[in-house]
Amino acid sequence: MNYFSLLCFGWASIGIISRIFMYIMGDQWKEWEMDKAYKAEKPWYINIIGLLGYAIVIYSWYNVIALDVEYSWIISMLVTLTTVKISVLLFNYDGFRQFAITTLKDKRKMMRLNISVVILSTILIGMGLFLY
């Protein structure tokens, strides 16, 4: 299994497992997310996670260039899109937190977000199995 397959399966796993926990925990998920994961004061680990996210993007593009894996640029492009969230977390934490609060309170937004994550996770699994 190559790096790009692992990236697909890892990202899909995070998406699916988080949705399962959201379902099992119900409203406790919202409390955990806002009171623990995204506390009012920016937690120290956000910077580490952000830097790790940037490192994954850089390493992915390095592998696109260094390895001869057909269509590897597709997953690297998708991973690059995550820099939007990473950048907001790092440089506009309060804005991200407000967006999260608003989204968690709106059942329609949450439903759309969850459906999008499940669809993306399914596509990622397919890419990991059949593309890489």
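Below you will find a few notes about this structure.

What counts, and at which threshold
Residues numbered from 1 in each chain as written. Predicted model: local features only at pLDDT ≥ 70, side-chain atom pairs only at ≥ 80, totals over all residues. Heavy atoms only, no water. Phe/Tyr/Trp six-rings, centres within 6.5 Å; stacked < 30°, edge-to-face > 60°. Helix = DSSP H or I, 4+ residues; strand = E, 2+ residues; numbered from the N terminus. Buried < 20%, exposed > 50% of the residue type's maximum accessible area, 1.4 Å probe, protein only. Salt bridge = Lys/Arg side-chain N within 4 Å of Asp/Glu carboxyl O. 1 Å grid on protein atoms, 1.4 Å probe; cavity = no way out; pocket = protein on both sides within 12 Å on 5 of 7 lines; lining within 4 Å. Points joined across faces, edges and corners; volume = space filled by probe spheres on them. Nonpolar A, V, L, I, M, F, W, Y, C, P; charged D, E, K, R; others polar. Core = buried A, V, L, I, M, F, W, Y, C linked by side-chain atoms within 4.5 Å. Contact = heavy atoms within 4.5 Å.

Attention now moves to the packing of aromatic side chains. Within this structure, the stated rule accounts for seven aromatic pairs. Ring centres 5.8 Å apart and planes at 35 degrees place the aromatic pair Phe4 and Tyr132 in the tilted group. With a gap of 128 residues between them, Phe4 in helix H1 (residues 3–25) and Tyr132 in the segment after helix H7 (107–131) connect regions that are remote in the sequence. Across this residue pair, the class does not change: Phe4 and Tyr132 are buried. For the ring pair Trp44 and Tyr45, a centre distance of 5.7 Å and an interplane angle of 85 degrees mean the geometry is edge-to-face. By relative accessible area, Trp44 is classed as exposed at 65%. Judged by its relative accessible area of 25%, Tyr45 falls in the partly exposed class.

In this structure the tally under the stated criterion is one salt bridge. Across the salt bridge formed by Asp27 and Lys30, the nearest N and O atoms sit 3.5 Å from each other. Linking Asp27 with Lys30, this pair stays in helix H2 (residues 27–37), spanning three residues, or about one helical turn. The exposure class assigned to Asp27 is exposed, which follows from its relative accessible area of 54%. For Lys30, a relative accessible area of 31% translates into the label partly exposed.

The gaps left among the atoms become clear once a water-sized probe is rolled over them. A volume near 1,600 Å³ is recorded for the largest pocket. Forming the boundary of the largest pocket are 43 residues, of which Trp11, Ile14, Tyr38, Thr82 and Lys85 lie nearest the centre. Taken together, the elements giving at least two residues each to the lining of the largest pocket come down to H1, H2, helix H3 (45–66), helix H4 (72–81), helix H5 (83–91), helix H6 (93–105) and H7. Considering only residue class, the lining of the largest pocket consists of 29 nonpolar, nine polar and five charged. The space that makes up the second largest pocket amounts to roughly 350 Å³. Along the wall of the second largest pocket there are 14 residues; nearest its centre are Met22, Lys30, Met110, Met111 and Asn114. Of all elements in the fold, only H1, H2 and H7 reach the threshold of two or more residues within the lining of the second largest pocket. Considering every element that reaches the lining of the second largest pocket, the biggest residue donor is H7, with five residues.

Turning our attention to the nonpolar core. With 14 residues, the main nonpolar core has Met34, Tyr38, Ile46, Leu89, Tyr93 and Phe96 as its most contacted residues. Looking at which element gives the most residues to this core, the answer is H6, with four residues. Contact partners of Tyr93, with chain neighbours within four places excluded, come to Ala37, Tyr38, Lys39, Ala40, Glu41, Lys42, Pro43, Ile46 and Val88. Residues Phe4, Cys8, Val69 and Tyr132 belong to the second largest nonpolar core, which totals 13 residues.

Turning our attention to the side chain of Ser121. Looking at the element boundaries, Ser121 is found in helix H7. Among residues more than four places away in sequence, those in contact with Ser121 are Ala12, Gly15 and Ile16.

Turning to its location among the elements, Asn114 is positioned in helix H7. Assessed through its relative accessible area of 22%, Asn114 is described here as partly exposed. Each C-alpha atom, one on Asn114 and one on Ile16, is 9.3 Å from the other, the two residues being 98 residues apart in sequence. If we ignore the near neighbours within four places in the chain, the residues touching Asn114 are Arg19 and Met22.

Honestly, that's just the spatial picture; any functional story needs more than this.
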